Amino acid sequence: MTNATIIKLSERMGLDSHHQKMAAPSAPTPQTPESPAETPARATTASMQSLLAHYFESNAPEASALSVTDAGSVSGSVSGPPRALTTPHSETRPKNPETTVPPPASVLPASPSSLVAQPDWPPAARALVDSLMRENESLREQLQQQALHLQSAQGQADSDVLTPTLNRRAFLREVHRAMADCRRYGEDACLLYLDMDGFKGINDAYGHSAGDAALIYVAETLNASVREGDSVGRIGGDEFAILLRHADLKSSRIKAMRLEAELMMGTFEYGGLYLKTGGSFGVRAYAAQASAEAWLSEADAAMFLVKKSSR
C-alpha cells in the first residue's frame, strides 16, 4: 500500500496528525516545551496498523459484495473504470435520507410481540426483554379493560335511571343527528310525544312502586313497537318521546294511533294485580326547526291539543 493511499484513508478516519507526519519534510524548527494537554497526539505505526485492520474488517462485507459482483477478475482488475471500496461520502458524510433504501420487509419485525429474547443474548438482556414484553401485555389488558369501562359508563350516562330508554340528554342528541340528516339528505322524520293518562291515580292508589312499574311497562311497550334506528326516550316524569326516522307525517300519525290503542288495551302486573294505563300522543314532523329542543316543544304542544280535545 502506497503512502498516498494511507494518507487518503487517514483523512477519512480523521487522522490529521498522521497526515502531517506523512507530508513532505520541512525545515526543522526549534522545539519548545509544551504541556501534555497542548501536545497533539501522534499516531504510531502500531496504532496505524490497528486502525487499518479495523477499517478493512468493517468494510469486509462491502468488499466481498464487490468481489462477487465483479467475478472473473481474480487479481481484482475488471473491465471498465476501477471501482473503489467506498465513495467519498460513505465514511465522512451522512447519507441522504431521501435516497436511503429501506430494508426489505422480510428483515423488519412483523410486530412488537415478535421481538423475543434470543438464546445467544446475555442473561441481563434476555431478562430485560422478557420483563418489557410482560409489561406490554399487561398494558394491553389494562387498555382493553378501560375501553370496556368507558363503554359501560357511556351507556349508563345515556340511559334513563328507571326505564329501558334514553334519558333526555341522550334523546336530544339523537334528535339533533336526525335533523342534520334531514337537512343534508332530505330525509323525513317525525317526533311522537306521549303523556301517560292515569299515572297520578296509580301513584295515589298503589304507591310509587306501582307508578314505577307503570313507567317500565310503557317504556317496554314503546321499545317493542319501534324499528331499529328509531329512538325512545323518557323526557321527564310520565312523559316519553319517540324519534321515527324515514317516516312522514301520515305514517307517524298511524303509528301513534296504534300505540295508543295498545297501551289502552294492555295491562301490567303489580303485587298480584293487573293494572291499566294509557296515554295521549302528539305528532310533529321535521320542518327545519331551529333546534332539537324547539322540535320537541312543538311535539309537546301537539300532544297537549290532543289531550285537551279528548276531555
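The structure contained in this document is the topic of the report that follows. The model shown is predicted, which means the values in this text are computed figures rather than measured ones. Counting of residues starts from 1 at the beginning of each chain's written sequence and follows it residue by residue. The predicted origin of the model limits local features to residues at a pLDDT of at least 70 and limits the giving and counting of side-chain atom pairs to 80 or more, whereas totals for whole chains, interfaces and linings rest on all residues. To get the side-chain values, take all heavy atoms of the structure and skip hydrogens and water.

Brief notes about the nonpolar core
Consideration 1: Counting 26 residues, the largest nonpolar core has L192, V218, L222, F240, I242 and F281 as its most contacted members.
Consideration 2: Labels follow the DSSP assignment, with helices taken as runs of H or I lasting at least four residues and strands as runs of E lasting at least two, numbered in each case from the N terminus. Of all the secondary structure elements, the ones that give two or more residues to this core are β1 (189-197), α7 (199-206), α8 (208-225), β3 (239-245), α9 (249-265) and β6 (278-285).
Consideration 3: Counting residues per element, this core draws most heavily on α8, which supplies 8 residues.
Consideration 4: In terms of nonpolar packing, the next biggest core, distinct from the first, is built from 18 residues, M179, I235, A241 and M303 among them. Think of a nonpolar core as a cluster: buried Ala, Val, Leu, Ile, Met, Phe, Trp, Tyr and Cys residues, connected wherever their side-chain atoms sit within 4.5 Å. A simple rule labels every residue: compare its accessible area, found with a 1.4 Å probe on the protein chains alone, to the largest value its type can have, and call it buried under 20%, exposed over 50%, or partly exposed in between.

Considering the packing of aromatic side chains
Consideration 1: In this scheme Phe, Tyr and Trp rings, the latter by its six-membered ring, pair at centre separations within 6.5 Å, and the angle between planes marks the pair as stacked below 30 degrees, edge-to-face above 60, and tilted otherwise. Considering all chains together, one arrives at 2 aromatic pairs under this definition.
Consideration 2: Ring geometry for Y286 against W295: centres 5.5 Å apart, planes inclined by 65°, an arrangement best described as edge-to-face. This pair shows no difference in class: Y286 is buried, exactly as W295 is.

Some thoughts on the sheet that holds strand β2 (residues 231-236)
Consideration 1: The rule for pairing is simple: two strands pair if DSSP sees at least two bridges between them. Spatially, 4 strands are ordered β2-β3-β1-β6 in an open sheet, and the strand pairing comes out antiparallel. The open sheet has two edge strands with one neighbour each: β2 and β6. The sheet shows a mean angle of 25° between the axes of neighbouring strands, direction not considered.
Consideration 2: In terms of strand pairing, β2 meets β3 through 5 bridges, oriented antiparallel. For R234, the partnering residue across the bridge sits in β3 and is F240. Fitted lines through C-alpha atoms give the axes, limited to the stretch in contact for helices. The angle between two N-to-C directions lies from 0 to 180 degrees.

Overview of the pairing of β1
Consideration 1: Taking burial as the measure, the 9 residues of β1 include 8 buried ones, the bulk of the element.
Consideration 2: The pairing of β1 with β3 spans 7 bridges and is classified as antiparallel. Counterpart to D195 in the pairing with β3 is E239.
Consideration 3: Of the strand pairs in this sheet, β1 and β6 are connected by 8 bridges, and their pairing is antiparallel.

Re the pattern of salt bridges
Consideration 1: Any Lys or Arg side-chain nitrogen located within 4 Å of an Asp or Glu carboxyl oxygen qualifies as a salt bridge. Following the criterion strictly, the structure yields 12 salt bridges and no others.
Consideration 2: Between D158 and R169 there is a salt bridge, with its nearest N and O atoms 2.8 Å apart. Taken together, the residues span a long stretch of sequence, with D158 in helix α5 (residues 123-158) and R169 in helix α6 (residues 168-185) at a distance of 11 residues.
Consideration 3: Take D158: its relative accessible area is 10%, and that puts it in the buried class.
Consideration 4: Between E298 and R284 there is a salt bridge, with the nearest N and O atoms lying 2.6 Å from each other.

Some points on helix α10 (residues 292-310)
Consideration 1: The end-to-end C-alpha distance of α10 is 28 Å, a good match for the 27 Å that 19 residues give at a rise of 1.5 Å each.
Consideration 2: The set of residues buried in α10 consists of A292, W295, L296, A299, A302, M303 and K307. Taken end-on, α10 shows its buried residues confined to a sector of 140°, consistent with a single buried face. Exposed residues pointing more than 90 degrees away from the buried face of α10 are listed as F304, L305, K308 and S309.
Consideration 3: Every residue pair with non-hydrogen atoms within 4.5 Å of one another is taken to be in contact. Residues of α10 that are buried in the fold lie against α6, β1, β2, β3 and β6. Multiplying 1.5 Å by the helix residue count minus one yields the expected span of that helix. Comment: arc refers to directions from the helix axis out to C-beta atoms.

Things to note about α6
Consideration 1: For α6, built from 18 residues, the straight-helix expectation of 26 Å at 1.5 Å per residue is met to within 8% by its first-to-last C-alpha distance of 26 Å.
Consideration 2: All of the buried residues in α6 are A170, F171, L172, E174, V175, A178, M179 and C182.
Consideration 3: Positioned one or two residues after α6, G186 has a phi angle of 70°, which is positive.

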